[in-house]
Amino acid sequence: MPQTRLFFRSNGAPAREAFSRLEAAFEEDGLPLAIRELDEERDIHEVSIYASEDWEGVADRMRSCLTSIAGLSEIETEELPEIDWVAHSLAGLKAVRAGRFFVHGSHERGQHRAGEIPIEIEASLAFGTGHHGTTSGCLEMISRVVPREHPRNALDLGTGSAVLAIAIARLAHIPVLATDIDPVAVRVARENVRLNRAAEWVETAAAPGFHHPAFARRMPFDLIVANILARPLIGLAPAMARHLSPGGSLILSGILTHQRRQVIAGYVGQGFRHLTTLHREEWVTIHMKR
Ligand SMILES: C[S@@+](CC[C@H](N)C(=O)[O-])C[C@H]1O[C@@H](n2cnc3c(N)ncnc32)[C@H](O)[C@@H]1O
């Protein structure tokens, strides 16, 4: 069924207020909602709802629950193309080998080699099929670090499709908390966790940064993986230090080669030391310890 995305923009505080009102108002309808930061310097955020039918009715309900919030732009709409993601993945996406892992779509099920850990991920609205240099860099770094360090409690911050959380769980058989700011990604993550029989190990939660009660319950972590982007990663450095146990490992990606020094400096300032960097296309994946 085709979907319509209804969205508006505003500064962070009204966007978060609007998002929580919409979450409450549309809870029973089960419509996916998302909030994302478009421009950090200008503090511009975008809130979206995805409607499969009667988008005009959805727009009316949005307007009536947002009337008292100042500073929101007009509601705009975007028709999303109807994509058969399985066919799309069959046509375009070949399996990816990275470190110990074979990340594939359903069409290549069973084609992993001896010793490889297969992870099945279909292309979807969530990032993380293994094809991006940041994801494959993280998979390779996980393959190096986990067998050496035997972590017991891991966090995948910005989990997207949950590919990294599943990789850690399947390799180490340890609990992994997998979080994402985007509730649509969290839904996809949950499905992928189930599909890969990792639900016993992986707990998912929608959370911006470390803002969720699950962190207090599950910390300290001895392995944190975060494939986000350089700027938010630098902002998260103090919270990463608080949530990682002494001697724990941190794997960061989403960092362009020219941003590497700046990110490392931000983390050294929080008591981390840099161990290794992997380069994939123009992206780097960094391993640090506290
Ligand atoms: C580049 S994708 C990585 C997905 C997957 N972990 C991988 O390696 O392929 C980054 C993900 O981080 C999420 N994200 C961005 N900023 C975040 C934040 N402040 N807190 C939590 N998640 C965030 C995005 O929604 C997106 O799903």
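Residues numbered from 1 in each chain as written. Predicted model: local features only at pLDDT ≥ 70, side-chain atom pairs only at ≥ 80, totals over all residues. Heavy atoms only, no water.

- As named in UniProt, the protein chain is Ribosomal protein L11 methyltransferase, taken from Chelativorans sp..
- Note on the protein chain: under the UniProt heading Catalytic activity, the record states "L-lysyl-[protein] + 3 S-adenosyl-L-methionine = N(6),N(6),N(6)-trimethyl-L-lysyl-[protein] + 3 S-adenosyl-L-homocysteine + 3 H(+)".
- Regarding the protein chain, the relevant UniProt record gives this comment under Subcellular location: "Cytoplasm". (UniProt positions renumbered as here; feature names shortened; annotations may be inferred.)

### With respect to the UniProt feature "binding site: S-adenosyl-L-methionine" in the protein chain
(1) Moving on: UniProt records the feature "binding site: S-adenosyl-L-methionine" for Thr-135, Gly-158, Asp-180 and Asn-227 in the present numbering.
(2) Moving on: Within the fold, Asp-180 resides in strand S9 (residues 176-180).
(3) Moving on: Sequence-distant contacts of Asp-180, defined by excluding residues within four places in its chain, comprise Gly-158, Thr-159, Gly-160, Ala-185, Val-186, Ala-205, Ala-206 and Ala-207.
(4) Moving on: Relative to the assigned elements, Asn-227 resides in strand S11 (residues 221-227).
(5) Moving on: Judged by its relative accessible area of 15%, Asn-227 is buried.
(6) Moving on: Contacts of Asn-227, omitting those with residues within four sequence positions, involve Phe-127, Thr-134, Thr-135, Cys-138, Leu-157, Gly-158, Leu-164, Ser-253 and Gly-254.
(7) Moving on: A distance of 2.9 Å separates polar atoms of two side chains, one belonging to Asn-227 and the other to Thr-134. (Helix = DSSP H or I, 4+ residues; strand = E, 2+ residues; numbered from the N terminus. Contact = heavy atoms within 4.5 Å. Buried < 20%, exposed > 50% of the residue type's maximum accessible area, 1.4 Å probe, protein only. Polar contact = N/O pair within 3.5 Å; in protein donor to acceptor, adjacent residues only side chain to side chain.)

### Describing the sheet that holds strand S6 (residues 101-104)
The strands making up a sheet associate through hydrogen bonds between their backbones, and the pairing can be parallel or antiparallel.
(1) Moving on: Taken in spatial order, the three strands of this open sheet run S5-S6-S7, and their pairing is mixed. Each end of this open sheet is capped by a strand with a single partner; those strands are strand S5 (96-98) and strand S7 (117-120). When the angles between neighbouring strand axes are averaged without regard to direction, this sheet yields 25°.
(2) Moving on: Inspection of the sheet shows S6 paired to S7 by four bridges, in the parallel sense. Its bridge partner being in S7, Phe-102 is matched across the sheet by Pro-118.
(3) Moving on: Set on the sheet, helix H4 (residues 133-149) makes contact with S5 and S6; between it and S6 the angle comes to about 150°. (Pairing = 2+ DSSP bridges. Axes fitted to C-alpha atoms, helices over the stretch in contact; angles between N-to-C directions.)

### With respect to the side chain of His-287
(1) Moving on: Of note, His-287 is situated in strand S14 (residues 283-289).
(2) Moving on: Residue classification places His-287 among the buried residues on the basis of a relative accessible area of 0%.
(3) Moving on: Residues in contact with His-287, not counting those within four places in the same chain, are Met-141, Val-145, Arg-148, Glu-149, Ser-249, Leu-250, Ile-251, Arg-273, His-274, Leu-275 and Thr-276.

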